[in-house]
Structure formats: C-alpha cells, structure tokens
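A closer look at the structure
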Amino acid sequence: MKFNIDWLSFYLIEQPENEDSPKQVRMTRYLSHDDYEKSELHDFLDGEFARIAKRKVELNPKSEGSPTKLGQFVLEPGHPLESNPNYALLSRMLSAETTGESKEPCQELVQSYLRTSQVRGGVLIIVRTRLDLLDERYLFILKCDFEQKTAVITDEKSLITNVQMAINAKNMKSLMYPYMIESGMNDPYHVKIHQFSHAKYFEEFLRFIEYPQTITQMVSEEVISLARQHIEYSYPEQTEERQREEEAIEIMAASPKRELAEKWEHETVMEAMQIITDRQPEVELKFKLDHMQVRTLLADYGSSLHIAKVNGRYLVLLEGEMLQFERGVSPVEFVKPKALSEIVQEIEARGPVSRQPEPPTKRSDDEERPPWE
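So, a few notes on the structure that sits alongside this text. Since we're looking at a predicted model, the values are computed, not measured.

**Notes on the packing of aromatic side chains**
- What the rule picks out here adds up to 11 aromatic pairs.
- Aromatic pair Phe 3 and Phe 140: ring centres 5.4 Å apart, planes at 85°, arrangement edge-to-face. Here Phe 3, found in strand E1 (residues 3-14), pairs with Phe 140, found in strand E5 (residues 136-145); they are 137 residues apart in sequence, far enough to count as distant.
- Since its relative accessible area comes to 7%, Phe 3 is described here as buried.
- Judged by its relative accessible area of 0%, Phe 140 is buried.
- Relative to Phe 205, the ring of Phe 202 lies with its centre 5.6 Å away and its plane at 45°, an arrangement referred to as tilted.
- Phe 205 gets classed as buried once you look at its relative accessible area, which sits at 2%.

Okay, here's the thing in structure tokens:
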C-alpha cells in the first residue's frame, strides 16, 4: 500500500514563556509534491501513511483506553452529511488540488486546534494523499509532540548538545479521512483517530465528531437498565423501599468500584447475562477477590466460573480441564488437588467472619418472573 503526497502543510506550534498565554504558530510551510519528495519530511514520514491506514480499529472498542477509535460525524435528524461543519472542512481540504487551495481550510483547522484546551506544543502536519493505483484521495492530520530533555552527540569538544524542539513519529497522533474499510472501500461518515495519550485533546478539537461507546459502557448501561426493570417489577408501588433501591442503582452506576450487591438469584443473573452475551459474546468479566484478580469472559459465569459463599467468605470456583503455569516455577505446580468438599469443610471450620453483607433478596416460587425472562 503506497500513498503519493499531493501537498503538505507544516505548522510549528509553540507555548510562549507565559504558560497562561495561548499556543501560537511560530512557523508555517506549504510543500507541493516535488517539495515534499526533496524535503527531510519524506524520510521522517516514509511508511507512516500505510501504517496508519492498516491500523486495526473497532466500531466499539473494548475500553476507553483503546488508542485507535472511529469517530462519526454528528448529524441532526433529517440533515445531510454536508451540514456537519467538521465534514465540510475536511472535504474542502480533501478537494484542494494545490498548496494554494489548501491554505485557507488548513489555517481554519489549525485555529480550531489551537483553541482546544490542553493543547501541547509540537508539530502539526496536514497531508492530502492519493492511494497508488486506485487514485483515491485521503487526508491525514498528524501531530508530533516535543520530546523532553533530548540530546545528541555532536563532536569531541562539546560532546552533547541539547535539542530544544525534537520530535519523532513513534507516539505520533493521527487522524485519517475518509476511513478506509479496506483498499478500494471507504466510509465517508467516519474518521479514524489514533493517540496513545490519556489526554483527549486531539480527538476533541473537531467538536462535531463523536466517538461511539465502548463495549464496557454499553454493557454497563444494559445492566443498569435490566436492574431498573427488576426494581419496577419487584416494587410496583412507589414505596420507600423502592426509592432506596433506585438510589442504590444510581450510586452503583456512578461508582468506579463496587462490592457484590447480593440482590439477584443465580437464575436471574444467568438470564440477564444471556441477553448481553447474545449481542456481545466477547464481553469481559473482571473483579478482585481481596488482593486476587480474576479476568475472564462474562459468558463463562455459571459454566466455568462459579461464585459461592461459606461462613461469610466468598468462594470463587474456576472450572477447567487443564492447569498451565508459565515462568517462575512454584511448589503449587506439584500439588495433588484436594476434593472440593474437603476445602469447603476447612472453610466452615474457620468460623464465620465478623463482617456480614446484607443477605440476598430471595424470590418466592409464587412470584412472577422479571419482564426479560
């Protein structure tokens, strides 16, 4: 996959000595195809466009920390794609055939970038390319931050010289438009953005592009929705108990860490889990048992993973046919496993713990089943 560069705009962004002052463009260069081929940027960016295009991305990433995301243009119902200001700006740059035609829309994009909070100094590069053979146009927006405390070896007298404004392509942020599903197939409704940084400023400077929910967010919303249905069924009247349950769900939805609620029977959990895994089979299940971490698939619950309680202590049982160890040999690798009943007896013999969570709410056999069952 080879991209031919039609034109390139280069902007050096600096932070004034007064940190409260806004970032400003210190230097601007516009390069034609021939200028780019003869410039140092050719070697610096060689191969980057193909790497960006080939980078894998999912419509709904597994977590918020996924570095590569698909952004979608925000559209009001009944309005065409052209009504989105960010789409209109990217389209103007994409259709610009010369450096002269590209100056105005590129300047508009740079000013939008500078108005974004938490912008760092560095180099912003805007490139219009064509995919070799297919002759399709693509726009790349690249940002390289300045490196800190960079030095190079010079000669035998000075030995080391500090470089104040060094950049590299290793952690380069990028935006590609249109999104290339595969060679020869493009999606004009999405852009592909990539950034390793936890700061979101590079995906925020185009304000009319939104990023789909992560799978974790989608599952959380689904679970909260099912929990509200369960409350509506269990407490049809507006009682104080229902209000407490609804408040508990709101706290649960907003809390980054939660303890086991012990509210649903196993069968109810299995049915709710089935609804989720039918849509998202690869949803992960992660939790901690004291200092021990468990990471598996949600679909494993009830078949390969079981949760029980003995004398006030939680028991997590992982079921499988093979135990495999990796680096770091330990005596555990030589153990002859005990019978499960023997382990349960040992736990029971320790006596109950002092801290007792609220007992789970049980459902009588005469009660109707929740609305999703």
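**Here's the deal with the sheet that holds strand E4 (residues 122-131)**
- With respect to topology, eight strands assemble into an open sheet ordered E2-E1-E4-E5-E8-E11-E3-E12, the strand pairing being antiparallel. Two strands bound the open sheet, and with one partner strand each, they are strand E2 (24-32) and strand E12 (209-210).
- Where helix H4 (residues 85-95) meets the sheet, it contacts E1, strand E3 (68-73), E4, E5, strand E8 (173-177), strand E11 (190-194) and E12, and its direction lies at approximately 110° from that of E5.
- Helix H5 (residues 99-114) contacts E1, E2, E4 and E5 of the sheet and is inclined by roughly 40° relative to E1.

**Some remarks on the pattern of salt bridges**
- If you walk through the whole model with that rule in mind, you get 20 salt bridges.
- As a salt-bridge pair, Arg 130 and Asp 6 come within 3.1 Å of each other at their nearest N and O atoms. Taken as a pair, Arg 130 in strand E4 and Asp 6 in strand E1 lie far apart in primary sequence, 124 residues in all.
- For Arg 130, a relative accessible area of 18% gives the class buried.
- Its salt-bridge partner being Glu 104, residue Arg 92 comes within 3.8 Å of it at the nearest N-O pair.

**Quick word on a nonpolar patch on the surface**
- On the surface, Leu 323, Phe 325, Val 332 and Val 335 cluster together to form a nonpolar patch covering roughly 430 Å² of accessible area.
- By the secondary structure assignment, Leu 323 is in the loop between strand E16 (313-318) and helix H10 (340-349).
- A relative accessible area of 77% means that Leu 323 is categorised as exposed.

**With respect to the environment of Leu 131**
- Mapping Leu 131 onto the fold places it in strand E4.
- Once the C-alpha coordinates of Leu 131 and Gly 184 are considered, the two residues, 53 residues apart in sequence, prove to be 9.1 Å apart.

**Digging into the packing of H4 against H5**
- Contact pair H4 / H5: the axes reach a minimum separation of 8 Å and the direction vectors enclose 150°. The angle between H4 and H5 falls in the class roughly antiparallel. In this structure, H4 crosses over H5, and the sense of that crossing is left-handed. Note on element contacts: H5 touches H4 through Glu 101, Glu 104, Pro 105, Cys 106, Glu 108 and Leu 109, opposite Leu 89, Leu 90, Arg 92, Met 93 and Ser 95.

**Looking at unusual backbone geometry**
- With an omega of -5°, the peptide bond running from Tyr 177 to Pro 178 counts as cis.
- Even without being glycine, Glu 262 reaches a positive phi, approximately 55°.
- Note on placement: Glu 262 falls in the loop between helix H8 (240-254) and helix H9 (266-279).

**A closer look at the side chain of Arg 130**
- Here the side chain of Arg 130 touches Asp 6 through a polar contact of 3.1 Å, side chain to side chain.
- Filtering out sequence-adjacent residues up to four positions away, Arg 130 remains in contact with Lys 2, Phe 3, Asn 4, Asp 6, Glu 97, Asp 135, Glu 136 and Arg 137.

**Here we look at H5**
- Taking 1.5 Å per residue as the helical rise, H5 with its 16 residues ought to reach 22 Å, and the 21 Å between its terminal C-alpha atoms agrees with that figure.
- Of all the bends in H5, the greatest measures close to 30° and is centred on Pro 105.
- Among all positions in H5, only Ser 102, Pro 105, Cys 106, Leu 109, Val 110, Ser 112, Tyr 113 and Leu 114 are buried.
- Contact partners of the buried residues in H5: E1, E2, H4, E4, E5 and helix H6 (201-204).

**Considerations on the nonpolar core**
- Counting residues in hydrophobic clusters, the biggest one holds 30 residues, and the most contacted among them are Leu 90, Met 93, Leu 109 and Ile 126.
- For this core, the secondary structure elements donating two or more residues are E1, H4, H5, E4, E5, E8, E11 and H6.
- Each residue touching Ile 126, except ones within four places of it in the same chain, is listed here: Trp 7, Leu 8, Ser 9, Tyr 11, Met 93, Cys 106, Leu 109, Val 110, Leu 139 and Phe 140.
- Counting 25 residues, the second-largest nonpolar core is a separate cluster that includes Leu 41, Val 127, Phe 140 and Cys 144.

**With respect to the pairing of E4**
- Across the 10 residues that make up E4, a large majority, 10, are buried.
- By the bridge criterion, 10 bridges tie E1 to E4 in an arrangement that is antiparallel. Each residue of the ladder has a partner; that of Phe 10, found in E4, is Ile 125.
- Counting the residues between successive antiparallel strands, the hairpin from E4 to E5 contains four residues, one of them, Leu 133, with a positive phi of roughly 75°.

Calculation rules
- Residues numbered from 1 in each chain as written.
- Predicted model: local features only at pLDDT ≥ 70, side-chain atom pairs only at ≥ 80, totals over all residues.
- Heavy atoms only, no water.
- Phe/Tyr/Trp six-rings, centres within 6.5 Å; stacked < 30°, edge-to-face > 60°.
- Helix = DSSP H or I, 4+ residues; strand = E, 2+ residues; numbered from the N terminus.
- Buried < 20%, exposed > 50% of the residue type's maximum accessible area, 1.4 Å probe, protein only.
- Pairing = 2+ DSSP bridges.
- Contact = heavy atoms within 4.5 Å.
- Axes fitted to C-alpha atoms, helices over the stretch in contact; angles between N-to-C directions.
- Salt bridge = Lys/Arg side-chain N within 4 Å of Asp/Glu carboxyl O.
- Patch = residues over 30% accessible without salt bridge, like charges linked within 9 Å, V, L, I, M, F, W, Y side chains within 5 Å.
- Areas by Shrake-Rupley, 256 points an atom, 1.4 Å probe, with all protein chains shown as cover.
- Parallel < 35°, antiparallel > 145°, perpendicular 65-115°, else oblique.
- Left-handed = near helix turned anticlockwise from the far one by under 90°.
- Polar contact = N/O pair within 3.5 Å; in protein donor to acceptor, adjacent residues only side chain to side chain.
- Expected span 1.5 Å × (residues − 1).
- Bend = angle between axes of the 7 residues up to and from the residue.
- Core = buried A, V, L, I, M, F, W, Y, C linked by side-chain atoms within 4.5 Å.

So yeah, pure geometry; function would need other evidence.
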